[in-house]
Amino acid sequence: MSAIEIILALLMVVGVLGIVIPVLPGLLLVVAAVVVWALTEQSTLGWVLLAVTVTLYLAGTVLQWLVPGRRMKRAGVRTTTLLAGVATAIAAAFVIPVVGLFLGFPLGIFLVSLARTRDGGQAWSATKHALRAVGANILIELATAFSIIAAYAVTVIFLDVN
């Protein structure tokens, strides 16, 4: 492996971390690394890997919209509730460094759901559904990233003759 390939692999690792810790655009970093490799490679192999990467990215993005979104709609969790959760998470991240982001999201969803339904049980149920959906979303994004990374690794290690 060349130095650029190692640097791009490290960028992919940072991308995976960005998926788990939502500060960086994780999946986009993984895709960007493949784009850089394809542009530096300038070969049919590079363009084929780029096409596979874009296809995997698009499939993962569609799944991220379909799977968690449907579950939340069935559970009655509104988009505005999720936006309130995100806003609360951002505010909590400043108030409670490190863990505020993770505490603020469910707290915001719970409080908005509680204000809307006036029932703690329903609010807690909506919060659990939203957290499961976010977890599913992260798993889909991780599976997509690992698929792209696997395609990159196979291409660079076994197929690239440079």
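The preceding data block contains the structure.
Rules behind the numbers
Residues numbered from 1 in each chain as written. Predicted model: local features only at pLDDT ≥ 70, side-chain atom pairs only at ≥ 80, totals over all residues. Heavy atoms only, no water. Phe/Tyr/Trp six-rings, centres within 6.5 Å; stacked < 30°, edge-to-face > 60°. Helix = DSSP H or I, 4+ residues; strand = E, 2+ residues; numbered from the N terminus. Buried < 20%, exposed > 50% of the residue type's maximum accessible area, 1.4 Å probe, protein only. Patch = residues over 30% accessible without salt bridge, like charges linked within 9 Å, V, L, I, M, F, W, Y side chains within 5 Å. Areas by Shrake-Rupley, 256 points an atom, 1.4 Å probe, with all protein chains shown as cover. Salt bridge = Lys/Arg side-chain N within 4 Å of Asp/Glu carboxyl O.

Asks: In this structure, what is going on with the packing of aromatic side chains? I would like to understand it.
Replies: How two aromatic rings sit relative to each other is set out by the distance from centre to centre and by the angle between their planes. All told, the structure shown has 1 aromatic pair when counted by the stated rule. Ring centres of Trp37 and Tyr152 lie 6.0 Å apart, and the angle between their planes is 85 degrees; this geometry places the pair in the edge-to-face category. Of this pair, Trp37 sits in helix α2 (residues 26-41) while Tyr152 sits in helix α6 (residues 120-159); the two residues are 115 residues apart in sequence, bridging distant segments of the chain. The class of Trp37 is buried, set by a relative accessible area of 0%. Since its relative accessible area comes to 3%, Tyr152 is described here as buried.

Asks: Please clarify how a nonpolar patch on the surface should be interpreted in this entry.
Replies: Taken together, the side chains of Val86, Ile90, Phe94, Val95, Ile96, Val98, Val99 and Leu103 present a nonpolar region at the surface, about 810 Å² in accessible area. With 4 residues, the single largest contributor to the nonpolar patch is helix α4 (residues 79-95). In this fold, Ile90 is placed in helix α4. You can call Ile90 partly exposed: its relative accessible area is 46%.

These results come straight from atomic positions and should not be treated as a statement about function.
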